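# Examination of the molecular architecture
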Amino acid sequence: MVTDYKNEIRQLRHSFAQIAAVTDIPHLQAEISRLTAASAAPDFWEDTEKAQKATATISHMQGRVDELKEMERRLDDLETLVEMAEEELGSDPETAAELYRDADKQLPLISEDLASLEIQTLLSGEYDERNAVVTIRSGVGGIDAADFAQMLQRMYLRWAERHNYPTKVLDTSYAEEAGIKSTTFEVSAPYAYGRLSVEAGTHRLVRISPFDNQSRRQTSFAAVEVIPLIESTDHIEIPESDLKIDVFRSSGPGGQSVNTTDSAVRMTHLPTGIVVSMQDEKSQIQNRAAALRVLQSRLLQLRHEEEQAKKKELAGDVKASWGDQMRSYVLHPYQMVKDLRTNCEVGNTDAVFDGDIDAFIDAGIRWRQAEARAEANSAANS
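Reading the values: the criteria
Residues numbered from 1 in each chain as written. Predicted model: local features only at pLDDT ≥ 70, side-chain atom pairs only at ≥ 80, totals over all residues. Heavy atoms only, no water. Buried < 20%, exposed > 50% of the residue type's maximum accessible area, 1.4 Å probe, protein only. Helix = DSSP H or I, 4+ residues; strand = E, 2+ residues; numbered from the N terminus. Pairing = 2+ DSSP bridges. Salt bridge = Lys/Arg side-chain N within 4 Å of Asp/Glu carboxyl O. Polar contact = N/O pair within 3.5 Å; in protein donor to acceptor, adjacent residues only side chain to side chain. Contact = heavy atoms within 4.5 Å. Core = buried A, V, L, I, M, F, W, Y, C linked by side-chain atoms within 4.5 Å.

So, about the pairing of strand 1 (residues 132-138). Within strand 1, five of the seven residues are buried, which leaves it mostly tucked inside the rest of the structure. Sheet topology places strand 1 next to strand 3 (residues 180-187); six bridges connect them, and they run antiparallel. Residue pairing for strand 3: threonine 135 is matched across the bridge by threonine 184. In the sheet, strand 1 pairs with strand 5 (residues 217-228) via seven bridges, with the strands oriented antiparallel. The residue of strand 5 that forms the bridge with arginine 137 is alanine 223.

Moving on, we come to the sheet that holds strand 5. The strand order 2-3-1-5-4-9-10-11 describes an open sheet built from eight strands, whose pairing is mixed. Of all the strands in the sheet, just strand 2 (167-174) and strand 11 (345-346) have a single pairing partner and so form its edges. As paired strands, strand 4 (residues 201-208) and strand 9 (residues 327-330) are joined by four bridges and run parallel to one another. Each residue of the ladder has a partner; that of valine 206, found in strand 9, is valine 330.

Taken as a whole and judged by the stated rule, the model has 23 salt bridges. A salt bridge links glutamate 67 to arginine 64, with the shortest nitrogen-to-oxygen separation between them at 4.0 Å. A residue pair is termed a helical-turn pair when its members lie 3 or 4 positions apart in one helix, as glutamate 67 and arginine 64 do in helix 3 (residues 48-88) at three residues. Judged by its relative accessible area of 35%, glutamate 67 is partly exposed. A salt bridge links arginine 298 to glutamate 225, with the nearest nitrogen and oxygen atoms 3.0 Å apart. Residue arginine 298 is located in helix 7 (residues 284-315), and its partner glutamate 225 is located in strand 5; the two are separated by 73 residues in the primary sequence. Glutamate 225 gets classed as partly exposed once you look at its relative accessible area, which sits at 25%.

You can see arginine 207 is positioned in strand 4. Within polar-contact distance, the side chain of arginine 207 engages the side chain of aspartate 147 at 2.8 Å. The residues contacting arginine 207, other than those within four sequence positions of it, are Asp144, Asp147, Met151, Arg216, Arg217, Gln218, Leu331 and His332.

Attention shifts here to the nonpolar core. With 56 residues, the main nonpolar core has Leu152, Tyr156, Leu196 and Tyr329 as its most contacted residues. Non-local contacts of tyrosine 329, meaning those with residues more than four positions away in its chain, are made with Phe148, Leu152, Met155, His203, Arg204, Leu205, Val206, Met336, Val337, Val352 and Phe353. Membership of the second largest hydrophobic core comes to 27 residues, among which are Ile9, Leu68, Leu75 and Leu117.

Below is the structure:
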């Protein structure tokens, strides 16, 4: 089949124009200039946390501008390549064929990168640009569920590693025989929450249990929770009277003590029953501060969910946005990972558990956008 290069390029340029319009490059450049000027102030680094956030924002914005400029350059180069091939077609067919082959290589690469840029434009939620706090809990399935929870933890940490996103494991509760009961970790990157929030829900694993001496097939479940990390500007005040704080010694797999002092902290928010444990830091004071920050993040998420539920109730739509089981990982009798919301599926289960989950995340972001659009249209027509 002969490629219609001009039409392909026209469609790519149309997609790029839409992305550029939504991104608003002039606004980004103005913000970069404003923040850069502010960073030159003598007292800029007096508030270290604020300064680090500002520099990270500048870096992210500049990276976004550079990506779009680079994409525009690649589109120009592709168009020039095709024009040169057309010019050589009559006088030097061999050179023309070589140029067309180069164009054939560039087309899918540019198309794929444009799709990735488009995903970023869909991350426009209130908290999407925040760091993410991920909690994984083992569910039904006994030892297999605990093992599955640990497999998911590794999967997400490997995904972050692939993207050079810093991570920090905040708390892990190990199961007695194998795996983990629960784990909480932070992923620090612009839009980490926006991307990982589509991973929230119930995950199911089907496999021959390595813990069953009769080698029977076992189905197990794990729950993934994703919340945006609290920021000082969010003003989630928690009265001391609403908190119950217990201290204990940190422990590792099998209950082995890894700390000789009571530095770990378990914080319970009495009005909601939310419990946060923290044992990553060396001192009780540090663990208490980290636990409070995660608790504030969960309360912020709870407030947001209550607001959304109220809006749906007022609109007459109370159906849940997320199903109880959002993804299945099948290792026997065949191998496949399938997202039940988006129908995205991958046969290479080893790659998925090694962190290759961008296809699922991108499909989830598009699915969420489509659901929000359908919901808005339904509300407008009711």
